[in-house]
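Chain by chain, the residues:
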Amino acid sequence: MNLTTTYLGMELTSPVVASPSPLTGRLDSLLRLQEAGAGAVVLPSLFEEEVESEALQLFDRMEAASGIGAEAAGYFPDVDLDHLGLERHLALVEQASDLLDIPVIASLNGRTPGGWVRYAGELQEAGARAIELNTYEVVVDPDLTAADVEERYLRLVDDVRREVDIPVSVKLSPYFTSMAHMARRIVEHGADGLVLFNRFYQPDLDLETLDVTPHLELSTESELRLPLRWTAILRPVLPDTSIGLTSGVHTGRGAAKALLAGADVVMVASELLREGPRRLGEILDELTRWMNEHEYTSVRQLQGSVAGHTAADPSAFERAQYQRVLKSWVS
Ligand SMILES: Cc1cc2nc3c(=O)[nH]c(=O)nc-3n(C[C@H](O)[C@H](O)[C@H](O)COP(=O)(O)O)c2cc1C
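Residues numbered from 1 in each chain as written. Predicted model: local features only at pLDDT ≥ 70, side-chain atom pairs only at ≥ 80, totals over all residues.

Asker: I'd like to hear about the overall build of the protein, residue by residue, with values.
Answerer: The helix and strand inventory of the protein stands at 12 helices and 12 strands. Burial analysis of the protein (331 residues in total) assigns 39% to the buried set. The long-range fraction of contacts in the protein, counting pairs at least 24 apart against all pairs at least 6 apart in sequence, stands at 73%. (Helix = DSSP H or I, 4+ residues; strand = E, 2+ residues; numbered from the N terminus. Buried ≥ 20, exposed ≤ 12 C-beta atoms within 10 Å, placed from the backbone. Contact = placed C-beta atoms within 7 Å.)

Right, here's the structure in full:
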């Protein structure tokens, strides 16, 4: 069975990629993911706020140790505080890139235009083979229009594209009014790939304390359907763009569906957090078994082979599916 695939211009030995999670933030588990057959790994996102807050904490510690006040910032003229905050993350990128044979993709979630660009450059310097721009953002400002937000993402892609030579992918939210149009524009602005989709975490309300409680639930298999559908819709629209599908891939059969819909790779996090890095190997085995049973000899043969089903008139197809689903209910 030939499991090789191309993603962001890189030849990967397998189409199953470890998506950013705490598992991809440690060298020991990265090694185990590689041993299990991961085609690539995406490291946890570098968050601009994290860099800033680490720098501030360090500054506080230095202040406390030296007994001087905040106004004496100039006391440490030679220390680049920002840079110190970054170091741990860049060291992970560097060490992982040295240690692993498979490509190490860095992920970035910036806060300011300058931050995105600067840290993208640093991640490239540290040895990342590609950069995933994690655009997780909950837009709550009623003065911001959808067009404003979209323009900001496009500018971000422009800016990062100018800064780095390595491939750039954009991990998107599914909540664009015109998803296909936005996806195409992102590619026109220089993205080499799209990652469909970011999962949005909904905090809960604690009825005793009336506090907002962060609530992290791992994904369920049914969440696969949203990225699956959009992968199938976007594949014919963007034939030359890499697509990584993330959310709800828990099994080899899930991976097979994603590849059939047109994904170049599937990205797995929840299932690996639940079951451990070895589960990645089992997913690959299940995929291989399914392919054997259905007489496929390579992943490339599988990729996108059902995406075309909707291509003639995708909008009519979606409408018909909607009506069919509603009518399928039997009480
Ligand atoms: C604990 C945890 C940490 C995560 N950290 C990141 C991150 O740093 N950057 C990112 O882009 N996605 C992050 N994700 C999202 C995953 O990479 C993945 O896209 C998402 O969970 C959907 O895939 P899944 O259904 O296989 O979990 C995280 C997910 C979990 C559960």
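Asker: So what's going on with helix 1 (residues 27–36)? Which residues, and what values?
Answerer: For helix 1, every residue scored as buried is listed here: Leu-30, Leu-33, Gln-34 and Ala-36. An end-on view of helix 1 places all buried positions within 165 degrees of arc, on one side of the element. Seen from the open side of helix 1, the exposed residues pointing more than 90 degrees away from its buried face are Asp-28 and Glu-35. Positioned one or two residues after helix 1, Gly-37 has a phi angle of 115 degrees, which is positive. (Arc of directions from axis to C-beta.)

Asker: Tell me about the sheet that holds strand 6 (residues 130–134), and name the residues and values.
Answerer: Read once around its circumference, the closed barrel built from 8 strands follows the order 3-4-5-6-7-8-11-12, with strand pairing classed as parallel. Shown here is a sheet whose adjacent strand axes are inclined to one another by a mean of 25 degrees, direction ignored. As judged from the 3 bridges shared by strand 11 (residues 242–246) and strand 12 (residues 265–268), these two strands associate in the parallel manner. In the sheet register, Leu-245 faces strand 12, and the bridge partner there is Val-266. Relative to the sheet, helix 4 (residues 113–125) contacts strand 4 (40–47), strand 5 (104–109) and strand 6, its axis offset from that of strand 5 by approximately 165 degrees. (Pairing = 2+ DSSP bridges. Axes fitted to C-alpha atoms, helices over the stretch in contact; angles between N-to-C directions.)

Asker: Give me the site of the ligand: which residues, what numbers.
Answerer: Taken together, 22 residues sit near the ligand, with Ser-19, Pro-20, Ser-219, Ala-269 and Ser-270 positioned nearest. At the level of elements, strand 4 and helix 9 (270–275) are the ones that each hand at least two residues to the shell around the ligand. Here the shell around the ligand gets 3 residues from one element, more than from any other, and that element is helix 9. Per-class residue counts for the shell around the ligand are 8 nonpolar, 10 polar and 4 charged. (Near = placed C-beta within 6 Å. Nonpolar A, V, L, I, M, F, W, Y, C, P; charged D, E, K, R; others polar.)

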